[in-house]
Amino acid sequence: MQRVVSLFPAATEIVCGLAAADQLVGRSHECDFPPEIVSRPVCTSTPIDSTAASREIHEQVTARLQQGLPLYEVDFEKLRELRPDVILAQAQCAVCAVSPAEVAPGLANWPGPAPQIVSLAPQRLLDLWDDIRRVATALRVPDNGRSFLRPLQSRVADIIQKSCLLKRRPTVACLEWLDPLMAAGNWIPDLVELAGGSNLLADSGKHSPWLEWPKLQEANPDLILLLPCGFDLRRVRQEMAAVTRHPEWAKLRAVKRGQVYLADGKAYFNRPGPRLVDSLEILAEIMHPDRFSFGHSGRAWEKL
């Protein structure tokens, strides 16, 4: 049985979805789902104060990047104690989680055979399927990978079969950060389109772009979804003033029509793991409540 340390919350969820939680011997400080894994030893930390307001978090991150300082610290002593065969990291976003480049130097003088680093770099929804297969292969549970994938892909197919028949496709702006504004890119545009919407302001498979208010005004979407990276619903509500106080906010079509929604980005949209399928369901029931209902309302999203 492989001993695995996951330094990436989405990868941790993949490991558990593969029925391989017993192989997980360590995790990152951000890995918090499923709940039973929080007792695993923590192997990372960050100097960023995540309790600060959005603008302050942005300034902290920007300052450290400009100074060439890391956003994450890896506890290599703890890693050596845990003796993993496999370390899961991500190369998709330097701000979001520990990268392979931050892990590799600490393995230079590893006692015995160095662990295999499996690097995940998801850009689109389809990349999730590949990541599940890769992790299943690294953990030597390929059959579990196939069993895990089938129902996830079936849920996506069920939504596509219904959404492709829709004649009304609202224009949608998904905001991944509120102060300053950032549109949600990568896999989010895929989810919006598959759920029956027309995504604005960001492109599928490309990094999330910073956004100026005039561009949001020009796009003037039918629906706005706020899903700040790393924030649950409570934190999104706390940060709402960052956008609602702007003089142009009340003029937007979505605001006038009461089509503004808050979503738990931390648990769903910002983690390219199995719960991206839940995120697709959330979008479908927000945009087309007459066609879709999955029971996520009030728990994973709410109307402003």
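Please read all numbers here as calculations on a predicted model, not as lab measurements. (Residues numbered from 1 in each chain as written. Predicted model: local features only at pLDDT ≥ 70, side-chain atom pairs only at ≥ 80, totals over all residues. Heavy atoms only, no water.)

Q: Can you walk me through the pairing of strand 7 (residues 171-178) in this structure?
A: Successive residues of a regular strand alternate their side chains across the two faces of the sheet. Counting buried positions over the eight residues of strand 7 gives seven, a clear majority of the element. With two bridges joining them, strand 7 and strand 9 (residues 198-199) adopt parallel strand pairing. If you follow Thr 171 over to strand 9, its bridge partner there is Ser 198. The pairing of strand 7 with strand 10 (residues 223-226) spans four bridges and is parallel. Bridge assignment links Cys 174 to a residue of strand 10, and that residue is Leu 225. When strand 7 meets strand 8 (residues 181-183), the two strands line up antiparallel, connected through three bridges. Of the residues in strand 8, the one forming a bridge with Leu 175 is Ala 183. Hairpin connection of strand 7 to strand 8: two residues between the antiparallel strands. (Buried < 20%, exposed > 50% of the residue type's maximum accessible area, 1.4 Å probe, protein only. Helix = DSSP H or I, 4+ residues; strand = E, 2+ residues; numbered from the N terminus. Pairing = 2+ DSSP bridges.)

Q: Would you mind showing me how to read the nonpolar core here?
A: Generally speaking, nonpolar side chains in soluble globular proteins are found buried as a group. Core analysis: the biggest nonpolar cluster contains 58 residues, and Leu 18, Ile 132, Leu 191, Leu 225 and Phe 269 have the highest contact counts within it. For this core, the element with the most residues is helix 13 (residues 276-287), which contributes eight residues. In this view, Leu 18 contacts Ile 132, Val 135, Ala 136, Val 141, Asn 144, Gly 145 and Phe 148; residues no more than four positions away in its chain are not counted. Ranked by size, the runner-up nonpolar core spans 44 residues in total, among them Ile 57, Val 61, Tyr 72 and Val 260. (Core = buried A, V, L, I, M, F, W, Y, C linked by side-chain atoms within 4.5 Å. Contact = heavy atoms within 4.5 Å.)

Q: Would you take a moment to explain the environment of Glu 218 for this structure?
A: Take Glu 218: it is sitting in helix 8 (residues 213-219). Since its relative accessible area comes to 69%, Glu 218 is described here as exposed. The spatial distance from the C-alpha of Glu 218 to the C-alpha of Leu 252 is 9.3 Å, given a sequence separation of 34 residues.

Q: Explain helix 6 (residues 142-163) here, please?
A: For an α-helix, 3.6 residues make a turn, and residues three or four places apart therefore share a direction. With 22 residues, helix 6 should reach 32 Å at 1.5 Å per residue; the first-to-last C-alpha distance of 32 Å fits that figure. Taken together, the buried positions of helix 6 are occupied by Gly 145, Phe 148, Leu 149, Leu 152, Val 156, Ile 159 and Ser 163. Residues of helix 6 that are buried in the fold lie against helix 1 (9-17), helix 5 (125-138), helix 7 (188-194) and helix 13. (Expected span 1.5 Å × (residues − 1).)

Q: Any chance you could explain the sheet that holds strand 5 (residues 86-90) here in plain terms?
A: Strands pair in a sheet through their backbones, by hydrogen bonds, and they do so in one of two ways: parallel or antiparallel. Spatially, 2-1-5-6 is the arrangement adopted by the four strands of the open sheet, whose pairing is parallel. The two strands at the open ends of the sheet, each matched to only one other strand, are strand 2 (24-27) and strand 6 (116-120). Taking each pair of neighbouring strands and ignoring which way they run, the sheet shows an average axis angle of 25°. Summarising the sheet, strand 5 and strand 6 pair through five bridges and their orientation is parallel. Paired with Leu 88 across the bridge in strand 6 is Val 118. Along the sheet face, helix 1 touches strand 1 (4-6), strand 2, strand 5 and strand 6 and points at about 140° away from the line of strand 1. Together, strand 5 and strand 6 form the strand contacts of helix 5, whose direction differs from that of strand 6 by roughly 170°. (Axes fitted to C-alpha atoms, helices over the stretch in contact; angles between N-to-C directions.)

Q: So what exactly am I meant to see when it comes to unusual backbone geometry here?
A: Most peptide bonds take the trans form, and the phi angle of most residues other than glycine is negative. The peptide bond linking Phe 33 to Pro 34 adopts the cis configuration, its omega dihedral lying at -5°. Examined against the element boundaries, Pro 34 turns out to sit in the loop between strand 2 and strand 3 (44-45). Following Asp 179, the chain continues into Pro 180 via a peptide bond in cis, with omega recorded as 0°. Examined against the element boundaries, Pro 180 turns out to sit in the loop between strand 7 and strand 8.

Q: It is not clear to me how the side chain of Ser 54 should be interpreted in this structure. Could you clarify?
A: In this fold, Ser 54 is placed in helix 2 (residues 54-66). At 2.7 Å, the side chain of Ser 54 forms a polar contact with the side chain of Glu 239. For Ser 54, the residues in contact, after removing those within four places along its chain, are Trp 177, Asp 179, Phe 231 and Glu 239. (Polar contact = N/O pair within 3.5 Å; in protein donor to acceptor, adjacent residues only side chain to side chain.)

Just geometry here; none of it tells us what the structure is for.
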